[in-house]
Amino acid sequence: MKQPFLQAIGERVLVLDGAMGTMLQERGLKPGQSPEELNLTMPDVVASVHREYLAAGADILVTNTFGGTREKLSHYGLQDRLAEINARAVEIARQVAGDQAYVAASIGPTGRFVEPVGDLSFDAMAELYREQAAALIGAGADLITLETFLDIKEARAAVIAIREISPDIPIIAMLTFDDKGRSVLGTPPEAAAITLESVGADIVGSNCGLGVDGIYDILAAMRRVTRLPLISQANAGLPVLKDGKTVFPGTPDEMTAYHDRLLALGVRIIGGCCGTTPAHIRAIKDALAGRNQSYRLTGPPEGTTFLSGRSGFVAIGGDNKVALIGERINPTGKKGFAAELREGKVAYIRREAMEQVAAGAHLLDVNVGTPGIDEPAAMERAVFCVTGAVPVPLVLDSSSPEALERGLKAADGKVLVNSVNGETKSLARILPLVKKYGAAVIGLTLDETGIPETAEARCSVGEKIVAAAGEFGISRSNIVLDCLTLTVSAEQKRAMETLRAIRLVKEKLGVNTVLGVSNISFGLPCRPVISSSFFAMAMAAGLDAAIVNPKEQAMLDAWRSSMVLLNRDPNSAAYIEAYKGTVAVADQPVADPPRDIRSLIGRAVIDGEREAVTGLVEQAFAEGLTPLQVSNEALLPGLEEVGRRFEKNIFFLPQVMLAAETMQTAFARLKQEMKGEGFISLGKILMATVEGDIHDIGKNIVCTLLENHGFEVIDLGKNVPAERIIAAAQEQGVDAVGLSALMTTTMTEMENVIARLKDAGIRTFTMVGGAVVTQEYADQIGADLYARDAMEAVTRIRHLLGK
């Protein structure tokens with residue numbers, strides 16, 4: 001009988017098998033056919049692949065279910081056979097594995113994005129994975145492996161869904177990253193690891209997209225924020241075209257070159273992805289022989305509270321800098337913001353989010369509680385808005401469990417819930433949400449009796465919160481206790497008691513701490529003087545995070561100087577950078593931002609201000625600008641700046657899409673002004689994902705951006721036969737044909753389409769792109785243009801067409 005899986009990886013490194021798709025293609029899988037269908041129609045063929053990998057030394061056999069969700073199977077009309085297909089796949093693998101290997105049930109992405117980047121709700125996405133996981137677990141899989149995910153939000157939904165089916169089954173969770181170390185939506189490895197661990201993944205890592213050298217760099221970044229076992233599942237190099245076929249040049253020996261470094265990182269599973277064969281797996285297995293495979297537990301210091309967003313992360317506690325939580329997204333005392341909330345608008349939220357982060361906030365508190373609104377819906381809008389505007393993690397601030405849950409579903413990463421307290425009712429309502437959605441939580445040291453007067457009593461309430469959280473499986477590192485700041489004007493003696501409580505909580509409970517610092521000065525004149533002094537005292541007492549107004553200079557001064565004095569700012573580098581060249585005078589005059597209407601419209605595009613852009617376009621018309629001037633002198637320069645920021649890894653795909661949506665809003669108003677005349681198109685572009693490939697996310701993004709740059713786009717969709725592409729190109733008289741492919745098994749169809757366009761005498765430019773496509777491949781098949789991403793596609797097609 002095999003050991004329990006997690007026990008096994010604690011004792012030795014396990015080898016996971018290699019590529020499935022290419023092996024099936026060699027054995028009869030037809031172009032455009034569902035690989036998962038072979039579980040029913042050709043089970044012996046699927047079993048033969050498993051047998052070869054088992055013979056090569058694989059300890060883990062991965063089921064042929066990568067595309068086994070209802071969403072994926074529906075492309076082939078197989079959605080009603082989901083349970084049968086997935087269960088049969090487990091049975092086939094189990095029959096081959098016996099007691100010699102573990103059966104890992106493969107789950108891949110759906111090909112759709114979760115709101116607001118895509119159109120699928122969190123609940124709908126989770127249900128897709130819940131259904132597939134139920135079939136796989138019910139059939140007896142030993143573990144689940146989530147492979148080749150591009151969107152951290154989708155991967156997060158998948159893990160949460162699986163945990164609803166089984167709290168115990170081991171889960172491997174992997175994202176795919178590019179050579180810049182980011183996922184398609186801009187998630188770095190650290191944020192991915194934090195998020196996936198928080199919702200219940202047991203092993204994290206990366207597969208596909210990179211060779212073993214690139215995967216190593218990704219895993220090294222993950223190790224800085226997690227102590228979980230890691231998995232490396234690299235490609236056999238990057239694909240090249242040879243004799244008309246796509247091949248991966250990485251040799252079996254090259255796949256083992258990083259073994260020692262991977263083991264030193266705490267990698268406990270090594271396998272292969274695209275291009276790997278039984279020969280690669282045998283080499284991986286053989287190279288492990290004789291090496292020390294004991295688990296060397298490495299990672300960040302225990303007790304650190306990690307939080308993540310889609311494109312950033314924060315560490316709280318230990319020797320890290322005190323985290324600044326921006327407090328300004330709160331309607332208390334802000335009539336204008338409260339009015340916006342009632343109207344369903346988010347302009348204030350976006351503006352405050354960007355300004356607070358620019359000022360230095362590491363996290364943002366989001367509070368939308370105001371009378372007369374649907375708070376859960378408002379919380380969802382606020383989370384969507386903030387995550388689209390800034391990269392920092394969120395603090396969800398509400399007393400409503402319904403609003404918190406809506407916000408937790410809307411979030412991209414691991415958030416901090418604000419808050420729970422020592423009341424039995426609060427613990428029972430809030431802690432289950434914290435556990436299910438992988439959050440950390442602020443614990444207020446008060447209970448049914450109110451705020452305790454002494455530090456000892458507050459510590460006692462904190463101990464109760466820590467114990468209750470532990471019963472839900474919430475670790476101490478995910479609890480941040482608030483020892484409560486009381487107004488010094490009313491209760492002057494209790495300020496020092498708060499500082500004593502911080503020290504006591506750190507000493508006795510070993511958890512991190514937070515304070516709402518500004519409360520200390522309420523009711524007093526010149527509040528920043530009191531607040532900043534108390535802030536410095538609290539940091540000296542051991543405070544780990546503070547809810548403050550980061551735009552208040554006195555608070556930032558206290559923070560920066562304290563970080564130097566507490567040795568949290570090595571070589572005073574951040575302090576010097578902030579104050580170099582500072583003139584010793586109070587409040588330097590700040591130049592007003594440019595008020596030119598063209599600049600304001602461009603800024604609205606850059607910031608994704610969909611609500612504001614129509615009014616700015618109206619203002620431009622009132623000032624005498626024509627629709628063409630608004631487009632060419634304001635909108636397009638704004639979008640070009642978005643492109644520059646995307647190229648520099650300042651912006652990521654969600655910001656690009658938000659800017660494009662803002663452009664769409666503006667163009668709709670311009671078209672009204674044109675009174676049916678329409679714009680002069682920059683060119684007519686035909687777009688299609690080639691036959692046999694049902695992946696169209698990247699192609700859809702390119703279509704959106706081309707349209708918003710002034711091109712007319714004809715989108716034929718996915719899995720498009722060459723005949724249809726040729727016919728449409730002839731009929732429409734297009735200026736360029738764009739072809740997309742995600743899989744190595746379908747990218748060769750691009751060459752066929754380009755050759756047939758030339759044979760048909762169609763004089764048009766051709767553009768190719770997709771995850772597996774390279775410049776070298778584009779050159780080999782005679783394409784005129786290759787683009788790595790959507791923004792590059794727009795830039796290069798404009799240049800190619802002389803626009």
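Residues numbered from 1 in each chain as written. Predicted model: local features only at pLDDT ≥ 70, side-chain atom pairs only at ≥ 80, totals over all residues. Heavy atoms only, no water.

So, about the overall build of the chain. Secondary structure assignment for the chain yields 31 helices and 25 strands. For a compact globule of 803 residues, the expected C-alpha radius of gyration is about 28 Å, and the chain comes in at 28 Å, within 12% of that figure. Along the three orthogonal principal directions, the C-alpha set of the chain runs to about 85 × 80 × 50 Å. Expressed as a percentage of the 803 residues in the chain, the buried residues total 59%. Within the chain, contacts between residues at least 6 apart in sequence are counted, and of these 74% link residues at least 24 apart. Taking the 80 positively charged and 99 negatively charged side chains of the chain as two groups, their mean positions are separated by 2 Å. (Helix = DSSP H or I, 4+ residues; strand = E, 2+ residues; numbered from the N terminus. Rg over C-alpha atoms; globule rule 2.2 N^0.38 Å. Buried < 20%, exposed > 50% of the residue type's maximum accessible area, 1.4 Å probe, protein only. Contact = heavy atoms within 4.5 Å. Lys, Arg positive; Asp, Glu negative; His and termini not counted. Charge placed at Lys NZ, Arg CZ, Asp CG, Glu CD.)

This next bit is on the sheet that holds strand β17 (residues 440-444). Pairing is parallel in the closed barrel, where eight strands are placed in the order β13-β14-β15-β16-β17-β18-β19-β20. On average, each strand axis in the sheet is inclined to that of its neighbour by 30°, with strand direction left out of account. As paired strands, strand β15 (residues 394-397) and strand β16 (residues 416-421) are joined by three bridges and run parallel to one another. Its bridge partner being in β16, Asp397 is matched across the sheet by Asn418. (Pairing = 2+ DSSP bridges. Axes fitted to C-alpha atoms, helices over the stretch in contact; angles between N-to-C directions.)

Attention now goes to the pairing of strand β20 (residues 545-548). Side chains Ala545 and Ile547 project from β20 onto one buried face, and the interleaved Ala546 and Val548 project onto a second face that is buried too. Bridge analysis of strand β13 (residues 323-329) against β20 gives four bridges, and the strand direction is parallel. Bridge pairing links Gly326 to Val548 in β20. Running through helix α20 (residues 527-541), the crossover from strand β19 (residues 512-516) to the neighbouring parallel element β20 is right-handed. (Right-handed = clockwise from strand over helix to strand, strands pointing away.)

What follows covers the sheet that holds strand β7 (residues 230-234). Strands sit in the order β1-β10-β7-β6-β5-β4-β3-β2 across an open sheet of eight strands; the sheet is parallel. The open sheet has two edge strands with one neighbour each: β1 (14-15) and β2 (60-62). In this sheet, strand β6 (residues 203-207) lies alongside strand β5 (residues 171-175) in parallel orientation, the contact comprising four bridges. By the bridge assignment for β6, Ala173 is matched with Val204. Relative to strand β3 (residues 102-107), helix α6 (residues 82-97) is tilted by about 155°, and along the sheet it contacts β2 and β3.

Scanning all chains against the criterion turns up 40 salt bridges. Notably, a salt bridge pairs Arg27 with Glu52, separated by 2.1 Å at the nearest N-O pair. Of this pair, Arg27 sits in the loop between α2 (21-26) and α3 (38-41) while Glu52 is found in helix α4 (residues 43-56), placing the two residues 25 residues apart along the sequence. Note on Arg27: relative accessible area 23%, which makes it partly exposed. The salt bridge involving Arg798 is made with Glu640; its shortest N-O contact spans 3.2 Å. With Arg798 in helix α31 (residues 790-800) and Glu640 in helix α25 (residues 627-647), this pair connects stretches of sequence that are 158 residues apart. Arg798 sits in the buried class, given a relative accessible area of 15%. A residue is classified by how much of its surface remains accessible, and Glu640, at 34% relative accessible area, is partly exposed. Because the salt bridges share partners, they merge into one network encompassing Glu127, Arg130, Glu164 and Lys436. (Salt bridge = Lys/Arg side-chain N within 4 Å of Asp/Glu carboxyl O.)

Once that is clear, we can look at the packing of α25 against helix α26 (residues 653-674). The angle between the axes and the distance between the axes are what describe a pair of packed helices. Between α25 and α26, whose axes approach to 10 Å, the crossing angle comes to 175°. By the angle between their axes, α25 is roughly antiparallel relative to α26. Where α25 abuts α26, its residues Pro627, Val630, Ser631, Leu635, Leu636, Leu639, Val642 and Phe646 lie against Leu653, Val656, Ala659, Ala660, Met663, Ala666, Phe667, Leu670, Glu673 and Met674. For the contact of α25 with α26, the class distribution of residues is 16 nonpolar, one polar and one charged. (Parallel < 35°, antiparallel > 145°, perpendicular 65-115°, else oblique. Nonpolar A, V, L, I, M, F, W, Y, C, P; charged D, E, K, R; others polar.)

Next up on the list: the packing of aromatic side chains. For the structure shown, the criterion picks out six aromatic pairs. Between Tyr575 and Tyr579, the ring centres sit 4.7 Å apart and the planes meet at 50°, which makes this aromatic pair tilted. Of the two residues, Tyr575 and Tyr579 are both situated in helix α22 (residues 573-579); the distance of four residues between them amounts to about one turn of the helix. Residue Tyr575 is classed as partly exposed on the basis of its relative accessible area of 33%. The cationic tip of Lys2 hangs over the ring face of Tyr102; the distance from NZ or CZ to the ring centre is 5.5 Å. (Phe/Tyr/Trp six-rings, centres within 6.5 Å; stacked < 30°, edge-to-face > 60°. Lys NZ or Arg CZ within 6 Å of the ring centre and 35° of its normal.)

Compared with an ideal rise of 1.5 Å per residue, which puts 14 residues at 20 Å, α4 spans 20 Å between its outermost C-alpha atoms and is within 8% of the ideal. With 10 of 14 residues buried, α4 lies mostly within the body of the structure. Those residues of α4 lying buried are Pro43, Val45, Val46, Ala47, Ser48, Val49, His50, Tyr53, Leu54 and Ala56. Packing partners of the buried residues in α4 comprise α2, α3, β2, α6 and α12 (278-288). (Expected span 1.5 Å × (residues − 1).)

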